[in-house]
Amino acid sequence: MDNRALTRAFRLVAQLMELHEENPFKIRAYEGTANALEALSFPVADVERTGLPDRTGLSKTAAAKVAEMLDTGSFEDLTRLLAATPPGVVELLNIKGIGPKKIRSLWKELGVESPGQLREAAETNQVSQLKGFGQKTQQAILEALDFTDQSRGKLLYPQAEELAHDLLARLESVPGVKRAAVSGEVRRRLETIETVLLVAATESPAAVHGLLGSVEGLTPDPRRSGPFAWRGTATASGVKVEVRLAAPADFINQLLLTSATDAHLTGALTEELLPGQPASLRQWLKREQFAQEADLYTRAGLQYVEPELREGLWELPLARANQLPRLLEDADLRGSLHNHSTYSDGSHSLREMATFLQGQGYEYLGICDHSQAAHYANGLPVERVRQQHQEIDLLNQELAPFRIFKGIESDILSDGSLDYPPTVLETFDFIVASVHSNLRMDERKATARVLRAIENPYTTMLGHPTGRLLLRREGYPLDHKAVIDACAKHQVIIEINANPWRLDLDWRWVHYALEQGVQLSINPDAHHTNGYADMRYGVFMGRKGGLTRAMTFNTKTAAEAADYFARRKANIKPPLEFKDSLFG
């Protein structure tokens, strides 16, 4: 059991206790344990049980519960609370925007014990009649239920990748399997996955069927399966699982067919087709067997197309002209911008965030703790900004040549202004402007709000443009074209927030941003040292949009980034009334 699973278990107990109106001090204790577990940078499961209090900093009581959870899969309070709560009510806790107190009212006053019953109560206007709800809350609940239904049976990319590679290892161990590979949506690096698909080359399909039918956690679907395809679902998530079986000689063809969209496979290869020449990649695959994937593209007169680009959008015309770019790679990144520390809602100190990143071979850290309007995230009042800047100056002397840049994630207020005056904004090296509140504006108002923030001369970068949480919350409605055009005009960088729940800017807009000359930055939004590892997911999303090293801001060296920030600040002409620095 990993730290995240432990954290979820203790947070669930806190939620269930609040649901049952138990002792608030115990609730806070469980929340504290969850926060402490989340902040740890080593696997708790690897620690000797007797040493848990010393290694984790937990009390002996909390450590004993952690040990019990690790050894048995549960502990007394969790078992008791789950037994006292209908499973459907526990499921309601996963619906974004409905807290335990509201769920208790729905359960006790309306008898709602499942998402289906909640939908029925909302659609018959019963929810709005409850004290503390009203029509707006009722409508928000219906929208949340719709979004939850749409997300059912899907996984975030990292979860799907883990499942796919587990299945791959199992397939490769089956006697008679010559080759196997992950394909489909996972190979194309989609942000959410509906089907985890693999391809295996074997002359003994029955052996593969036997293995997959016996894997704990997989539910076979015999009606959808056949001799050369095993289909089923992952029991826990409901995500579809499919394994295509091919003769060894046909393995590459099957891999190509399953790792591209139909639009890519059927797109025109030339503007003028010669008689007898295949008109599409699919036709080439029907005509010939290929030994390597690159052979198909060579035969079709195309530049090789990486799997993540095989969407049938803009890649084929560029491949015809041999103009596909060299895509960004993990090793191209020199620094990590947009990260949080214990100054706001991060799990690690500024020193810990910096030294960990330095140890990973990076040249710089951009610290972007939350700004003063973000009370929910311990946002920094002006005095705390001053304290952080003093600490950064000292650390930069100590850690040189590693560099910490003074940043802030400044809240975009409802009117589009940033939540510090220019006298404070001018003290930062760079500013990431992000929306965190009032997410229910219509597209016109929401776009106008963001455009005003982009026009602010202190805005260096636009953070997670839509604020979406994949599979949990829809994004902020924006006119993406207008936003990207404004960033091009005002030379504002757009982040690809690499947190797997966000992956925002959506990769579908990356190519347009590049066409407009907008630089992008792969930002992990790390609140913990392990959050830096998420940058690979941001790289995947950038690659899907055709992102190159040259157009990625944080491929710059520390000196180049410092020069960029300095030149940008030098061009700002603040109003005369803000001429004197607040910290001068």
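Above: the structure in question.
Residues numbered from 1 in each chain as written. Predicted model: local features only at pLDDT ≥ 70, side-chain atom pairs only at ≥ 80, totals over all residues. Heavy atoms only, no water.

Moving on to the packing of helix H1 (residues 3-19) against helix H4 (residues 60-72). It is at 11 Å that the axes of H1 and H4 come closest, and there the two elements cross at 120 degrees. Classified by the angle their axes make, H1 and H4 are oblique. Of the two elements, H1 crosses H4, and the hand of that crossing is right-handed. Of the residues in H4, those touching H1 at Leu6, Ala9 and Phe10 are Lys65, Val66, Met69 and Leu70. Partitioned by chemical class, the residues of the contact of H1 with H4 number six nonpolar, no polar and one charged. (Axes fitted to C-alpha atoms, helices over the stretch in contact; angles between N-to-C directions. Helix = DSSP H or I, 4+ residues; strand = E, 2+ residues; numbered from the N terminus. Parallel < 35°, antiparallel > 145°, perpendicular 65-115°, else oblique. Left-handed = near helix turned anticlockwise from the far one by under 90°. Contact = heavy atoms within 4.5 Å. Nonpolar A, V, L, I, M, F, W, Y, C, P; charged D, E, K, R; others polar.)

Within the secondary structure, Ser183 sits in strand E2 (residues 177-183). Polar side-chain contacts of Ser183 include one of 2.6 Å to the side chain of Thr258. In this structure the side chain of Ser183 is engaged in a polar contact, spanning 3.4 Å, whose partner is the backbone nitrogen of Ser259. The residues touching Ser183, leaving out its near neighbours within four places in the chain, are Leu197, Leu198, Val199, Leu255, Thr258 and Ser259. (Polar contact = N/O pair within 3.5 Å; in protein donor to acceptor, adjacent residues only side chain to side chain.)

Let us now look at helix H10 (residues 157-172). Two residues of an α-helix separated by three or four positions point the same way, owing to the 3.6 residues in each turn. The end-to-end C-alpha distance of H10 is 22 Å, a good match for the 22 Å that 16 residues give at a rise of 1.5 Å each. Residues of H10 that are buried: Tyr157, Pro158, Ala160, Glu161, Leu163, Ala164, Leu167, Leu168 and Leu171. (Expected span 1.5 Å × (residues − 1). Buried < 20%, exposed > 50% of the residue type's maximum accessible area, 1.4 Å probe, protein only.)

Looking at the second largest pocket, its volume works out to about 370 Å³. Contributing elements (two or more residues each) for the lining of the second largest pocket: helix H21 (443-455), helix H22 (480-490) and helix H25 (558-570). Split by residue class, the lining of the second largest pocket holds nine nonpolar, seven polar and four charged. (1 Å grid on protein atoms, 1.4 Å probe; cavity = no way out; pocket = protein on both sides within 12 Å on 5 of 7 lines; lining within 4 Å. Points joined across faces, edges and corners; volume = space filled by probe spheres on them.)

A sheet is described by the order of its strands in space; here seven strands give the open sequence E8-E9-E10-E11-E12-E13-E14, paired in parallel fashion. Strands with a single pairing partner mark the edges of an open sheet, and in this sheet they are strand E8 (335-339) and strand E14 (520-523). Note: E8 against strand E9 (residues 364-367), three bridges, orientation parallel. If you follow Asn339 over to E9, its bridge partner there is Ile367. Packed on one face of the sheet, helix H18 (residues 350-359) meets E8, E9 and strand E10 (403-411) and runs near 150 degrees to E9. (Pairing = 2+ DSSP bridges.)

Moving on, we get to the sheet that holds strand E7 (residues 240-246). Strand order across the open sheet formed by five strands is E2-E4-E7-E6-E5, with mixed pairing between neighbours. Sheet topology places E2 and strand E5 (218-220) at the edges, where each strand pairs with a single neighbour. Within this sheet the neighbouring strands show an average axis-to-axis angle of 25 degrees, counted without direction. Pairing between strand E6 (residues 229-234) and E7: five bridges, direction antiparallel. Along E7, the bridge assignment pairs Arg231 with Glu242.

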